[in-house]
Amino acid sequence: MKGTLSALDTYETSFTPLVVIELAQDVKEETKEWLKSRIIAKKQDGGAQLLIRPLLDKEQKETLGNDNLYLVGASRTRLLLGAEAVGLVRECVDGTMRTFTYGTRLSFRGFHDDNDDFLTMAECQFIVKHELENLRARDEKMIPGYPQAKLYPGKSLLRRLLTSGIVLQVFPLHDNEALKKLEDAWYTRFSVHYQPLDRIRAYFGETIALYFGFLEFFTFALIPMAVIGLPYYLFVWEDYDKYVIFASFNLIWSTVILEVWKRGCADMTYRWGTLVMKRHFEEPRPGFHGVLGVNPVTGREEPLYPSYKRQLRIYLVSLPFVCLCLYFSLYVMMIYFDMEDWALRVHEESGTEWTSVLLYVPSIIYAIVIEVMNRLYRYAAEFLTAWENHRLESAYQNHLVLKVLVFNFLNCFASLFYIAFVLKDMKLLGQSLATLLITSQVINQVLESLLPYWLQKKHNVKVRRKVQALRVHIDAALYEQVILEKEMATYLGTFDDFLELFLQFGYVSLFSCVYPLAAAFAVLNNFTEVSSDALKMCRVFKRPFSEPSASIGVWQLAFETMSVISVVTNCALIGMSPQVNAVFPESKTDLVLIVVAVEHALLALKFILAFAIPDKPRHIQMKLARLEFESLEALKQQQMKFTADSLKEEPREGEEETVA
């Protein structure tokens with residue numbers, strides 16, 4: 001029997017706060033009452049059937065003057081029904097993974113009527129967010145109290161409230177006890193150990209757990225490169241025969257690790273249930289706007305925007321702007337080379353220890369400029385992509401990723417390509433690669449984690465002093481927690497974290513045969529990156545909402561593209577080596593043809609390896625095939641039952657006609 005919200009009591013007098021809604025200070029009382037009534041109302045009446053209460057009662061509000069914070073939760077039954085609505089997948093007692101349903105809840109492993117831990121807190125918060133986002137306008141033409149905030153049937157109320165500035169933010173609360181246990185198992189111990197990915201997933205969700213899983217996998221995958229690269233750097237730096245062997249190993253390594261990651265990712269996400277989780281129809285993103293019309297697919301009223309207008313914006317504005325930024329990046333690069341020439345001339349004239357240090361200054365300055373340009377361009381790319389007015393969040397993200405990756409790739413690697421293939425100065429290439437890699441790692445560690453943590457810690461001390469000075473009878477711990485967390489920065493997703501790893505992968509795979517220590521520095525950075533990113537997630541940013549994911553998405557393709565480019569780059573570097581050129585002293589055409597032939601052969605080997613290594617382990621393939629078979633059998637049984645019921649009805653209709 002399938003449970004329904006109308007048939008079950010989902011109300012509780014007290015509840016665990018899961019989500020905080022912060023309203024603007026000047027929100028009208030009728031708007032607050034309308035919003036609360038819609039959140040509390042039953043699903044059949046167009047509500048979310050959740051629980052809500054203000055953080056402070058009436059007396060406390062008058063004393064503290066803070067009446068714009070509300071706590072949202074849900075009863076246990078409501079959360080279980082919400083788990084069915086969002087399609088969460090759980091392991092059954094027979095070991096299979098199935099979509100959770102309230103009617104068959106007793107058949108799922110770990111479920112008991114008195115067990116409140118069947119759903120993780122991250123899943124509960126995801127369910128609450130899903131229900132809030134699916135609060136839709138019915139007969140309302142506007143938000144009560146705000147006639148300028150128009151509504152139409154089917155419009156998401158929460159998104160309209162956010163875009164109107166009535167709701168400032170909606171964020172999930174931390175569970176301080178669970179967070180402390182996670183920190184102890186994750187990053188507070190100074191030892192080399194595997195990350196507790198299952199616990200990270202239970203607390204932050206699959207998307208963030210997959211990032212940390214990939215970071216850990218990539219770090220350990222770099223160790224063979226680092227171990228091989230260290231003796232190459234120390235003993236055989238000018239031996240190009242061994243240099244060729246190192247480059248060849250680099251090519252195979254970059255292919256194998258990405259294929260192995262896909263298998264490990266499939267294994268993890270199957271265990272977490274997201275690999276077999278059904279995709280839901282994607283709603284328009286909050287910033288999408290247009291003329292009100294009817295969606296031909298859903299039949300709902302929503303903004304419609306002609307695709308040709310979007311294409312005009314992309315090709316006539318965004319594309320020229322990106323090209324202009326790329327040109328500016330190349331112009332800055334040429335300034336950097338002028339600085340290198342100046343530093344070299346000064347060193348040749350003086351030859352002191354200070355001028356030896358001066359040789360590294362242009363690269364350091366250029367590395368800092370690259371980071372500044374990357375961050376400024378990111379803001380411009382976000383603005384342009386939002387202005388293009390993409391309907392779906394996935395389309396918005398794809399266009400943003402493409403813009404940012406193209407610029408970052410050219411901005412970070414153009415100088416290295418210029419040194420390698422125009423100047424043909426391998427010593428300068430190794431020096432520039434080392435400087436860019438190390439400087440970018442230090443800057444990212446400081447700006448992403450250490451500085452925000454220090455600032456947040458200072459702010460927390462001020463807030464705690466204010467709370468301790470209050471003379472009001474309140475739940476000080478909860479009040480302090482909410483006030484602290486609402487002032488924290490919002491975590492904007494794993495985009496920047498994956499981008500950092502993508503650029504690091506480029507430094508290692510494209511030119512590491514010229515500077516074999518690149519992998520060793522990447523390993524050292526990533527061991528500290530795990531702890532700094534964990535600190536950032538736990539203590540610097542608000543807790544993000546959990547987002548189910550079955551893979552690292554478009555980043556898998558980005559890393560695979562980089563590995564293809566690395567094949568071409570390394571083959572070209574090998575072809576430029578003195579030993580290889582000595583084999584063809586007269587005919588450079590033969591050399592070019594052989595290098596191209598080797599490059600094509602290695603690319604063929606790369607794609608053969610990618611094809612030969614299955615994306616999913618055999619046991620996962622069998623389980624997925626079994627699930628598909630059972631789903632088809634269930635559908636067949638349902639159709640047969642419907643046909644049988646129809647045949648039973650036909651004679652009765654005939655008998656009625658005869659009697660008549």
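Rules and cut-offs
Residues numbered from 1 in each chain as written. Predicted model: local features only at pLDDT ≥ 70, side-chain atom pairs only at ≥ 80, totals over all residues. Heavy atoms only, no water. Helix = DSSP H or I, 4+ residues; strand = E, 2+ residues; numbered from the N terminus. Buried < 20%, exposed > 50% of the residue type's maximum accessible area, 1.4 Å probe, protein only. Polar contact = N/O pair within 3.5 Å; in protein donor to acceptor, adjacent residues only side chain to side chain. Contact = heavy atoms within 4.5 Å. 1 Å grid on protein atoms, 1.4 Å probe; cavity = no way out; pocket = protein on both sides within 12 Å on 5 of 7 lines; lining within 4 Å. Points joined across faces, edges and corners; volume = space filled by probe spheres on them. Nonpolar A, V, L, I, M, F, W, Y, C, P; charged D, E, K, R; others polar. Domains from an automatic or database assignment. Core = buried A, V, L, I, M, F, W, Y, C linked by side-chain atoms within 4.5 Å. Patch = residues over 30% accessible without salt bridge, like charges linked within 9 Å, V, L, I, M, F, W, Y side chains within 5 Å. Areas by Shrake-Rupley, 256 points an atom, 1.4 Å probe, with all protein chains shown as cover. Salt bridge = Lys/Arg side-chain N within 4 Å of Asp/Glu carboxyl O.

A. Region of interest: the side chain of glutamine 556. Relative to the assigned elements, glutamine 556 resides in helix H18 (residues 554-575). Note on glutamine 556: relative accessible area 12%, which makes it buried. Among the polar contacts made by the side chain of glutamine 556, one reaches the side chain of tryptophan 261 at a distance of 3.5 Å. The residues touching glutamine 556, leaving out its near neighbours within four places in the chain, are Leu258, Trp261 and Lys262.

B. Spotlight on empty space enclosed by the protein. Following the criterion strictly, the structure yields four cavities of 30 Å³ or more and no others. Of all elements in the fold, only strand S4 (89-91) and helix H4 (121-133) reach the threshold of two or more residues within the lining of the largest cavity. Looking at side-chain class alone, the lining of the largest cavity contains six nonpolar, three polar and four charged residues. Residue-level mapping places the lining of the largest cavity at the junction of two domains, with at least three residues from each of domain 1 (19-173) and domain 2 (184-305 + 389-618).

C. Just the nonpolar core, in detail. Counting residues in hydrophobic clusters, the biggest one holds 96 residues, and the most contacted among them are Trp186 and Trp555. Structurally, this core is a two-domain feature, drawing no fewer than three residues from each of domain 2 (184-305 + 389-618) and domain 3 (306-388). Discounting residues that sit within four places of it in the chain, tryptophan 186 has contacts with His193, Gln195, Pro196, Ile200, Phe204, Phe212, Val530, Ala534 and Cys538. Core analysis: the second largest hydrophobic core is formed by 52 residues, Ile21, Leu23, Leu161 and Ile620 among them.

D. Molecular detail of a nonpolar patch on the surface. Together, Tyr308, Leu312, Tyr315, Leu316, Val317, Leu319, Phe383 and Trp387 give the surface a local cluster of nonpolar side chains, amounting to about 860 Å² of exposed area. At the level of secondary structure, the elements contributing two or more residues to the nonpolar patch comprise helix H10 (307-350) and helix H12 (361-387). With six residues, H10 is the largest single contributor of residues to the nonpolar patch. Considering the arrangement of structural elements, one finds tyrosine 308 in helix H10.

E. Highlighting the environment of phenylalanine 413. Relative to the helices and strands, phenylalanine 413 is located in helix H13 (residues 393-423). In sequence terms phenylalanine 413 and glycine 506 are 93 residues apart; their C-alpha atoms lie 8.3 Å from each other. What phenylalanine 413 contacts, discounting residues up to four positions off in sequence, is Leu503, Gly506, Tyr507, Leu510 and Met562.

F. Structural context of the pattern of salt bridges. Here the structure, examined in full by the defined rule, presents 24 salt bridges. Measuring nitrogen to oxygen at the nearest pair gives 3.3 Å for the salt bridge that ties aspartate 615 to lysine 262. Placement of aspartate 615 in the loop between helix H20 (588-612) and helix H21 (618-659) and of lysine 262 in helix H9 (residues 240-272) is noted, with a sequence separation of 353 residues between them. When the shortest N-O distance is used, the salt bridge between arginine 378 and glutamate 382 registers 2.9 Å. Of this pair, arginine 378 and glutamate 382 both sit in helix H12, four residues apart, roughly one helical turn. You can call glutamate 382 partly exposed: its relative accessible area is 24%. Here the salt bridges share partners, and the residues they tie into one network are Arg90, Glu123, Arg201 and Glu206.

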